[in-house]
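# Report on the structure
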Amino acid sequence: MDFNVKKLASGAGLFLTRAVQFTEEKLGQAEKTELDAQFENLMSRADCTKHWTEKIYRQTEVLLQPNPSARIEEFLFEKLDWKVPSRVTNAELLGQYMQDAAKEFDLGTPYGNTLEKVGECEKRLGEAEREFLQTSAISFLTPLRNFLEGDWRTISKERRLLENLRLDLDACKTRVKKAKVAEAKAATLDWSKSCEGNLSVILFLLFQAEHELRIAQTEFDRQAEVTRLLLEGISSTHVNHLRCLHEFVEAQAAYYKQCHLHMQELQKELGRLPNAFALNSTNAIATPSMVTEGSSSPVETDTLKIEEVQAPATGTRKARVLYDYDAADSSELSLLADELITVYTVPGMDSDWLIGEKGNHKGKVPVTYLELLS
């Protein structure tokens, strides 16, 4: 118990000494030991690194998980060391709704069939998004968080300790200065036995203060070197974060590329489906009463034969191909991105398609793959 009381009293005295020294420095009544310019630059660089790493980390979290409630829930699960529950992405949920609706509307109808295919594509997009989120969290978010919660906390702790030792050092310097002033005053007094006793006390206090100053200087120098090494390690942190940034960009590029491929495949599939709303130029819906005996349904019209299509004298245009396109059959024309072709329309043709020509080859091409030039 006595030991705890003494320790508490010693700690309180040390805290009071530091508080007095700090206050006097702020009031300009005490000198402050200044760190060298290189050390100050290292600390500024570390503070800057922490500031922007924290901002990038928070905003990346928002990018990967826009829902703040979900972020808070994941944070609590991690702090409680529980397994974070798997979440269904918005694209996957939309795809499931579309597929459920397709079953209700009948897969045999154009709308139901299209809903089924679009829903399947949305699910694939959701799976790609899930993989991207997991990869980004591991390769980018985790290293940033490890720096903020690990390395930076260690640096902050050592910097606080250095500041406390700096206050102790300056307090010792102040005591030495006061003891020397007292010694000088005592030396100017008339010599007597009382003066001799006071001078002995002053010399003892001066000796003790100088001894404490040497100890404080040694501890401060040692802590300054430890803190300097940690601050110089920020350069290694930048190198590590640079590598993580490259991995994040690669994951993002792979994700968008995969999404683009999925959408291209979907466009090709939809382009091969019968376009119900384009079967009648007036968008009228055929009913049984409209189909007379001996007449044919619009769906039963003859397939357009490309070799019989003649280019009109006027109305041809140049077009630039936006994406690669593989012809599904002999009536279509395969395309390569960025090549220029001649396109034109023919009467009765679906508005989603054009007739394209390049060299001696001719065939149908989807409008969505083209950029029409004037």
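Structural notes, computed from the coordinates. It should be emphasised that the depicted structure is a prediction, and the values quoted were computed from it without experimental measurement.

## So, the overall build of the chain
Along the chain, the regular secondary structure elements total 7 helices and 5 strands. The secondary structure elements of the chain, listed N-terminal to C-terminal, are α-α-α-α-α-α-α-β-β-β-β-β. Scored against the burial criterion, the 374 residues of the chain give a buried share of 30%. Across the chain, every contact between residues at least 6 apart in sequence was considered, and the portion connecting residues at least 24 apart equals 68%. As displayed, the chain offers around 24800 Å² of accessible surface, 57% of which is attributable to carbon and sulfur atoms.

## Regarding the pairing of strand β2 (residues 340-344)
Counting buried residues along β2, 4 of its 5 residues qualify, which places the element largely inside the surrounding structure. With 4 bridges joining them, strand β1 (residues 317-321) and β2 adopt antiparallel strand pairing. What sits directly across from Lys-318, in β2, is Thr-342. Both β2 and strand β3 (residues 353-358) contribute to a ladder of 3 bridges, which runs antiparallel. Following the sheet pairing, Val-343 is matched in β3 by Gly-356.

## Let's talk about the packing of helix α2 (residues 37-64) against helix α7 (residues 234-272)
Each pair of packed helices gets described by two things: the angle between the helix axes and the distance between those axes. Between α2 and α7, the shortest axis-to-axis distance is 12 Å and the interhelical angle comes to 20°. Judged by the angle between their axes, α2 and α7 are roughly parallel. In the packing of α2 onto α7, the handedness of the crossing is left-handed. For the pair α2 and α7, contact is made by Arg-45, Ala-46, Thr-49, Thr-53 and Leu-63 and by Ile-234, Ser-235, His-238, His-241, Phe-248 and Gln-252, respectively. Each residue belonging to the contact of α2 with α7 can be placed in one class, and the counts come to 4 nonpolar, 6 polar and 1 charged.

## Considerations on unusual backbone geometry
Even without being glycine, Asp-106 reaches a positive phi, approximately 85°. Within the element layout of this structure, Asp-106 appears in the loop between α4 (90-105) and α5 (110-188). We classify Asp-106 as partly exposed; its relative accessible area is 44%.

## Quick look at the pairing of strand β4 (residues 361-366)
One ladder, built from 6 bridges, connects β3 with β4; its direction is antiparallel. Residue pairing for β4: Glu-357 is matched across the bridge by Lys-362. What sits between β3 and β4 in their antiparallel hairpin is a turn of 2 residues, with Gly-359 showing a positive phi close to 65°.

## A closer look at a nonpolar patch on the surface
A contiguous nonpolar patch, built from Val-88, Leu-93 and Tyr-97 and spanning about 310 Å² of accessible area, is present on the exposed surface. Structurally, Tyr-97 is set in helix α4.

## So, the pattern of salt bridges
Pairing is possible between side chains of opposite charge, provided their charged atoms come close. Considering all chains together, one arrives at 15 salt bridges under this definition. Put simply, Glu-61 and Arg-58 hold a salt bridge, and the shortest N to O gap is 3.6 Å. One end of the pair, Glu-61, and the other, Arg-58, are both in helix α2, 3 residues apart, so they sit about a helical turn from each other. Assessed through its relative accessible area of 23%, Glu-61 is described here as partly exposed. By relative accessible area, Arg-58 is classed as partly exposed at 45%. Two residues, Lys-117 and Glu-269, come together in a salt bridge whose shortest N-O distance is 3.9 Å. One end of the pair, Lys-117, is in helix α5; the other, Glu-269, is in helix α7, with 152 residues separating them in the sequence. The partly exposed category is assigned to Lys-117, whose relative accessible area is 24%. Linked through salt bridges whose partners overlap, the residues forming this network are Glu-163, Arg-166 and Asp-170.

## Some remarks on the nonpolar core
Counting residues in hydrophobic clusters, the biggest one holds 37 residues, and the most contacted among them are Phe-132 and Leu-231. Ranked by residue count, the leading element in this core is α5, at 17 residues. Counting residues in each nonpolar core, the second largest holds 16 residues, with Ile-341, Trp-353, Leu-354 and Leu-370 among its members.

## A short note on the sheet that holds β1
Reading across the sheet, the 5 strands line up as β4-β3-β2-β1-β5 and stay open at both edges, with antiparallel pairing between neighbours. Two strands close off the open sheet at either side, each with one partner strand: β4 and β5 (370-372). Neighbour to neighbour, the strand axes of the sheet diverge by 40° on average, direction disregarded.

## What to know about the packing of aromatic side chains
Enumeration according to the criterion identifies 8 aromatic pairs in this entry. With 6.4 Å between their ring centres and 50° between their planes, Phe-147 and Trp-152 make a pair best called tilted. On the basis of relative accessibility, which here comes to 11%, the residue Trp-152 falls in the buried class. Cluster of aromatic residues (ring-pair linked, three or more members): Phe-132, Phe-140, Phe-248, Tyr-255 and Tyr-256. One residue, Lys-364, lies across the ring of Trp-353, its end atom 5.1 Å from the ring centre.

Criteria and thresholds
Residues numbered from 1 in each chain as written. Predicted model: local features only at pLDDT ≥ 70, side-chain atom pairs only at ≥ 80, totals over all residues. Heavy atoms only, no water. Helix = DSSP H or I, 4+ residues; strand = E, 2+ residues; numbered from the N terminus. Buried < 20%, exposed > 50% of the residue type's maximum accessible area, 1.4 Å probe, protein only. Contact = heavy atoms within 4.5 Å. Areas by Shrake-Rupley, 256 points an atom, 1.4 Å probe, with all protein chains shown as cover. Pairing = 2+ DSSP bridges. Axes fitted to C-alpha atoms, helices over the stretch in contact; angles between N-to-C directions. Parallel < 35°, antiparallel > 145°, perpendicular 65-115°, else oblique. Left-handed = near helix turned anticlockwise from the far one by under 90°. Nonpolar A, V, L, I, M, F, W, Y, C, P; charged D, E, K, R; others polar. Patch = residues over 30% accessible without salt bridge, like charges linked within 9 Å, V, L, I, M, F, W, Y side chains within 5 Å. Salt bridge = Lys/Arg side-chain N within 4 Å of Asp/Glu carboxyl O. Core = buried A, V, L, I, M, F, W, Y, C linked by side-chain atoms within 4.5 Å. Phe/Tyr/Trp six-rings, centres within 6.5 Å; stacked < 30°, edge-to-face > 60°. Lys NZ or Arg CZ within 6 Å of the ring centre and 35° of its normal.

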